[in-house]
Amino acid sequence: MSVDGEAVRLRSEADEPGWEVDPDDDWGIAVVATVGRQLRLRREAAGMRAGEFATAVGYGEDLVYKIEGGKRIPRPEYLDKADEVLGAGGLLSAMQEDVKRVRYPKKVRDLAKLESQAVEIGLYSNHNVHGLLQTEDHMRALFDVWLPAYSEEETERMAAARLARRAIFERSPAPTLSFVQEEVTLRRPVGGRMVWRGQLERLLELGELRNVSIQVLLTDSQDHFGTGGLIEVLKFPDGSAVGRSEGAFSGRPVTDPKQLRILELRYGMIRAQALTPRESRAFIERMLGES
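Residues numbered from 1 in each chain as written. Predicted model: local features only at pLDDT ≥ 70, side-chain atom pairs only at ≥ 80, totals over all residues. Heavy atoms only, no water.

*Asks:* Could you give an account of helix H1 (residues 26-45), with specific residues and numbers?
*Replies:* With 20 residues, H1 ought to run about 28 Å at 1.5 Å a step, and its terminal C-alpha atoms sit 28 Å apart, in line with that. Looking one or two residues past H1, Gly47 carries a phi angle of roughly 70 degrees, positive in sign. (Helix = DSSP H or I, 4+ residues; strand = E, 2+ residues; numbered from the N terminus. Expected span 1.5 Å × (residues − 1).)

Put into structure tokens, the structure is as follows:
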């Protein structure tokens, strides 16, 4: 294939790592199958063979069959090119939004859905700065040191999913968001000094929002109710709630009122032990001044 006289290598399945369909994601499988079927029907209606279409869009024929068979997630640019080649008038390009959501890991998508519905969220994090609070540079630095190492595609997928969750700060009406961070998570210079400073500045920025409370639990706190690890409690408009903790109920999400009361009790005690939001802000500002 050539474009304007320049040879162009067709992109094949080998060039598209990380775009497989999760076999445990029923909704994702259905979306990708529907998109693939629409692509195939429009290609056939246009009288194009798979090989001809592959050449026209700049992808390998093997990848075209995979996408049309619902085995691969099409990239946004693939849908744009297909829309152009098949004269779909924007209908194929419009599928990008659902396809983009399929790329996010199912568990992240499920969590984002819960967060989008909650009216009150309480979060305690003791290993890292909580994902909702992380800057993009900070989260990428965390992904880069994970073992076994993530591929570049996996990193992009997870970063995109985590960044999408930050839409919670722009919701209207705004939910009440309460964060408690262990001091050590703020002192660790993840990604280097500049990335670390950027993360601290991000915490100060978010802490100025009227619906956001950020508290720091000091390392030298003698009595500590957070040794069981991360705690999350989400409450919804109908009065229902869901919670999770690494140190309780095998780490699984719970909705039973008795179990939720245990998590709320622990989280309430952790908040009581932490610095107030005003004291926490001053503490973070001092850390920035010392860097």
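*Asks:* Explain the sheet that holds strand E4 (residues 176-182) residue by residue, including any values.
*Replies:* Here 5 strands make up an open sheet; going across it, the order is E5-E4-E3-E6-E7 and the pairing mixed. Edge positions in the sheet fall to strand E5 (212-217) and strand E7 (241-245), since each of these pairs with one other strand and no more. For this sheet, the mean angle separating the axes of adjacent strands, direction not counted, is 5 degrees. Pairing geometry for strand E3 (residues 120-125) and strand E6 (residues 231-235), over 5 bridges, is antiparallel. Bridging from a neighbouring strand, Gly122 pairs with Val233 of E6. Its contacts with the sheet put helix H11 (residues 257-273) on E3, E4, E5, E6 and E7, and the angle it makes with E6 is roughly 115 degrees. (Pairing = 2+ DSSP bridges. Axes fitted to C-alpha atoms, helices over the stretch in contact; angles between N-to-C directions. Contact = heavy atoms within 4.5 Å.)

*Asks:* Before we move on, could you go through the packing of helix H2 (residues 50-57) against helix H4 (residues 76-86) and cite the residues and values that matter?
*Replies:* In contact at an axis separation of 9 Å, H2 and H4 are set at 115 degrees when each is read in the N-to-C sense. Judged by the angle between their axes, H2 and H4 are roughly perpendicular. Remark: the crossing between H2 and H4 carries right-handed chirality. From H2, Phe53, Ala56 and Val57 reach across to H4, where they touch Tyr78, Lys81, Ala82, Val85 and Leu86. (Parallel < 35°, antiparallel > 145°, perpendicular 65-115°, else oblique. Left-handed = near helix turned anticlockwise from the far one by under 90°.)

*Asks:* I'd like a rundown of unusual backbone geometry, residues and numbers included.
*Replies:* In this structure, the amide linkage connecting Leu147 to the following residue, Pro148, adopts the cis form with an omega of -5 degrees. The residue Pro148 is located in the loop between helix H7 (136-144) and helix H8 (152-165) in this model. The amide bond that connects Ser172 to the next residue, Pro173, takes the cis arrangement and shows omega of 0 degrees. Despite not being glycine, Phe249 has its phi angle at roughly 55 degrees, a positive value. Looking at the secondary structure, you find Phe249 in the loop between E7 and H11. With a relative accessible area of 22%, Phe249 lands in the partly exposed category. Of note, Ser250 is a non-glycine position whose phi angle comes to about 60 degrees, a positive value. Relative to the helices and strands, Ser250 resides in the loop between E7 and H11. (Buried < 20%, exposed > 50% of the residue type's maximum accessible area, 1.4 Å probe, protein only.)

*Asks:* Go over the pattern of salt bridges, please, and point to the residues and values.
*Replies:* Scanning the model with the defined rule gives 14 salt bridges in all. Here Arg40 and Glu44 are joined by a salt bridge, their closest N and O atoms 3.5 Å apart. Here Arg40 pairs with Glu44, and both are found in helix H1, just 4 residues apart, close to one helical turn. For the salt bridge of Lys235 with Glu264, the shortest nitrogen-to-oxygen distance reads 3.0 Å. (Salt bridge = Lys/Arg side-chain N within 4 Å of Asp/Glu carboxyl O.)

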